[in-house]
Amino acid sequence: LEQLIHAGIYNQLFAEKRETFSESEETLMRTLAEKSFRAYAELKNHPAFLDYLSDVSPLKFYAETNIGSRPAKRGKGKLTLEDLRAIPFVGAWSQIKQNVPGFYGVGAALRAADESGQFDEIRALYQSNLFFRTLIDNCEMAMQKSDFNLTAHLGGDAQFGEIWRQIRDEFELCREYLTKISGRDALMADYPVERQSVQTRERIVLPLTTIQQYAIGKIREIEAAGEIDADSKNTLEKLAMRCSFGIINAGRNSA
């Protein structure tokens, strides 16, 4: 309660501006949002997007973990975009350490603004506008929790290599531009305690995410071979699901 009251008083007494955006800043933000959304929509429309989410991430196992008040997806049968629910969707990206909803499209938007000569405006907005700075800080945190080494084996995969590289390239592009905006050479450099907390948690869950990726990969191999090996597949599915329990609990209990 004290923290909430303090935050409210602080905001009223020390707010630098009464309006969140000036007219020019709002125009710039709208342009960035449109560019970012277009990049994100292109990813969702990739022909391998839903299969990638279904077969590479633990999305299909969320229903078995029995941790939510609603089903992991709306429909039955093959996954569609309309079936996706927010918590399993975000959680699935988190467990494969890609965190797409937290950063994808930001790099593309910033590059487009840079190419149109607006990058100085963006850097100035970052320095003067708390909303935009918080948005970038949140993006940095999502990226700090990502680790593409976990799924690097997919980079040359015949089915999923292209979309994996597309996501990884956007991640690298975003990191490049965030460092240009902030002037820092590391993500979350202004928040050393929180950065250390994230790094500690990620080291703890790394064995679980690695085992989970191994299990999911073996399930794909069994399904691709078309062989009936129900016992092995069932065991691997339970292994992937049990790893989800540990990863979710680590996320809930981390500082």
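Nothing here was measured: the structure is a model prediction, and the numbers come from that model.

(A) Inspection of the overall build of the chain at higher detail. Summing up its helical and strand segments, the chain has 12 helices and 0 strands in all. Counted from the first residue to the last, the chain has its helices and strands arranged as α-α-α-α-α-α-α-α-α-α-α-α. Scored against the burial criterion, the 255 residues of the chain give a buried share of 41%. Taking as baseline every contact in the chain between residues at least 6 positions apart, the subset at least 24 positions apart corresponds to 77%. When the accessible area of the chain is evaluated, it comes to approximately 14800 Å², of which 53% is carbon and sulfur surface.

(B) Spotlight on empty space enclosed by the protein. Summed over all chains, the structure comprises 1 cavity of 30 Å³ or more. Taken as a whole, the largest cavity holds about 40 Å³ of empty space. Every residue along the wall of the largest cavity is listed here: Ser54, Asp55, Ser57, Lys60, Phe61, Ile216, Ile219, Arg220 and Glu223. Of all the elements in the fold, those that place two or more residues in the lining of the largest cavity are helix 3 (49-56) and helix 11 (192-225).

(C) Focus on the packing of aromatic side chains. With the rule as written, the count across this model stands at 10 aromatic pairs. Ring centres of Tyr52 and Trp93 lie 6.0 Å apart, and the angle between their planes is 35°; on these two criteria the pair is classed as tilted. Linking Tyr52 in helix 3 with Trp93 in helix 5 (residues 86-95), this pair joins segments that are 41 residues apart in sequence. Summarising the aromatic geometry, the rings of Phe148 and Trp164 are spaced 6.0 Å apart at their centres and angled 70° between planes, so their arrangement reads as edge-to-face. Of this pair, Phe148 sits in the loop between helix 9 (130-144) and helix 10 (161-182) while Trp164 sits in helix 10, placing them 16 residues apart in sequence. Residue Phe148 is classed as buried on the basis of its relative accessible area of 9%. An aromatic cluster is present here, built from Phe49, Tyr52, Phe89, Trp93 and Phe160 joined pairwise through their rings. The aromatic ring of Tyr177 is capped on one face by Lys180, whose charged end is 4.6 Å from the ring centroid.

(D) Just the pattern of salt bridges, in detail. One pass over the full model with this rule turns up 12 salt bridges. Each of Lys97, Arg201 and Glu202 takes part in salt bridges that share partners, so that together they form one network.

(E) Structural context of the nonpolar core. Ranked by internal contacts, the top residues of the largest apolar core, which has 46 residues, are Leu32, Tyr52, Trp93, Phe103, Ile122, Ile167 and Leu178. Sorting the residues of this core by element identifies helix 2 (23-44), helix 3, helix 5, helix 6 (100-103), helix 7 (106-115), helix 8 (119-128), helix 9 and helix 10 as the ones contributing at least two each. A total of 9 residues in this core trace back to one element, the largest contributor, which is helix 10. For Ile122, the contacting residues outside a window of four places in its chain are Leu28, Leu32, Leu110, Ala113, Phe132 and Ile181. Counting 8 residues, the second largest nonpolar core, distinct from the first, contains Ile219, Ile222, Leu236 and Ala240.

(F) Looking closely at helix 11. Compared with an ideal rise of 1.5 Å per residue, which puts 34 residues at 50 Å, helix 11 spans 47 Å between its outermost C-alpha atoms and is within 8% of the ideal. The axis of helix 11 is deflected most strongly, by about 45°, at Val205, and proline Pro207 appears within four residues downstream. One or two positions beyond helix 11, positive phi appears at Gly226, with a value near 70°.

(G) Quick peek at helix 2. Over its 22 residues, helix 2 runs 31 Å from end to end, which matches the ideal 32 Å to within 8%, given 1.5 Å per residue. What helix 2 keeps buried is the set Glu25, Leu28, Met29, Leu32, Ser36, Ala39, Tyr40, Ala41 and Leu43.

(H) Main features of the environment of Val198. Mapped onto the fold, Val198 is located in helix 11. For Val198, a relative accessible area of 7% translates into the label buried. Sequence separation between Val198 and Met141 is 57 residues; the distance between their C-alpha atoms is 8.4 Å. Leave out the neighbours within four places in its chain, and Val198 touches Gln144, Lys145 and Met188.

(I) Expanded view of the packing of helix 8 against helix 10. Running from N to C, helix 8 and helix 10 cross one another at 65°; their axes reach a closest spacing of 9 Å. Classed by the angle they form, the pair helix 8 and helix 10 counts as roughly perpendicular. For helix 8 against helix 10, the interelement crossing comes out right-handed. In this structure, helix 8 uses Phe119, Ile122, Arg123, Tyr126 and Gln127 to contact helix 10, whose residues at the interface are Tyr177, Lys180, Ile181 and Ser182.

About the cut-offs
Every residue gets a number counted from 1 within its own chain, in the order that chain's sequence is written. For this predicted model, a pLDDT threshold of at least 70 governs which residues receive local features, and a threshold of 80 or more governs which side-chain atom pairs are given and counted, while totals over whole chains, interfaces and linings are taken from all residues. Heavy atoms from the whole structure form the basis of all side-chain values; hydrogens and water molecules are not counted. Elements are defined by DSSP. Helices are runs of H or I of four residues or more, strands are runs of E of two residues or more, and each kind is numbered from the N terminus. For every residue, the accessible area (1.4 Å probe, protein chains only) is compared with the maximum for its type, and the residue is labelled buried under 20%, exposed over 50%, or partly exposed between those bounds. A contact between two residues is defined here by any heavy atoms of the two lying within 4.5 Å. The Shrake-Rupley method, run with a 1.4 Å probe sphere, supplies the accessible areas, and residue values consider only the shown protein chains as cover. Using a 1 Å grid laid over the protein atoms alone, points where a 1.4 Å probe fits but cannot get out form a cavity; open sets with protein on both sides within 12 Å along at least 5 of 7 lines form a pocket; any residue with an atom within 4 Å of a point counts as lining. Grid points are joined across faces, edges and corners, and a volume is the space filled by probe spheres set on the points. Here is the rule: rings of Phe, Tyr and Trp (six-membered ring for Trp) pair when centre to centre is within 6.5 Å. Planes less than 30 degrees apart are stacked, more than 60 are edge-to-face, and the remainder are tilted. Both a distance and an angle decide whether a charge sits over a ring: NZ of Lys or CZ of Arg must be within 6 Å of the ring centre and within 35 degrees of the ring normal. The salt bridge definition used is simple: a Lys or Arg side-chain nitrogen within 4 Å of an Asp or Glu carboxyl oxygen. To define a nonpolar core, start from buried Ala, Val, Leu, Ile, Met, Phe, Trp, Tyr and Cys residues and group those joined through side-chain atoms within 4.5 Å. Given a helix with a known number of residues, its expected span is that number minus one, times 1.5 Å. One fitted axis covers the seven residues ending at a residue, a second covers the seven starting there, and the bend at that residue is the angle between these axes. Only the stretch in contact is used when a helix axis is fitted, and all axes are lines through C-alpha atoms; the angle between N-to-C directions ranges over 0 to 180 degrees. Should an angle lie under 35 degrees it is considered roughly parallel, over 145 roughly antiparallel, and from 65 to 115 roughly perpendicular; all remaining angles are considered oblique. By the definition used in this description, the sense in which the near helix is turned from the far one sets the handedness, with an anticlockwise turn below a right angle giving left-handed and a clockwise turn giving right-handed.

Coordinates in, geometry out; function isn't part of it.
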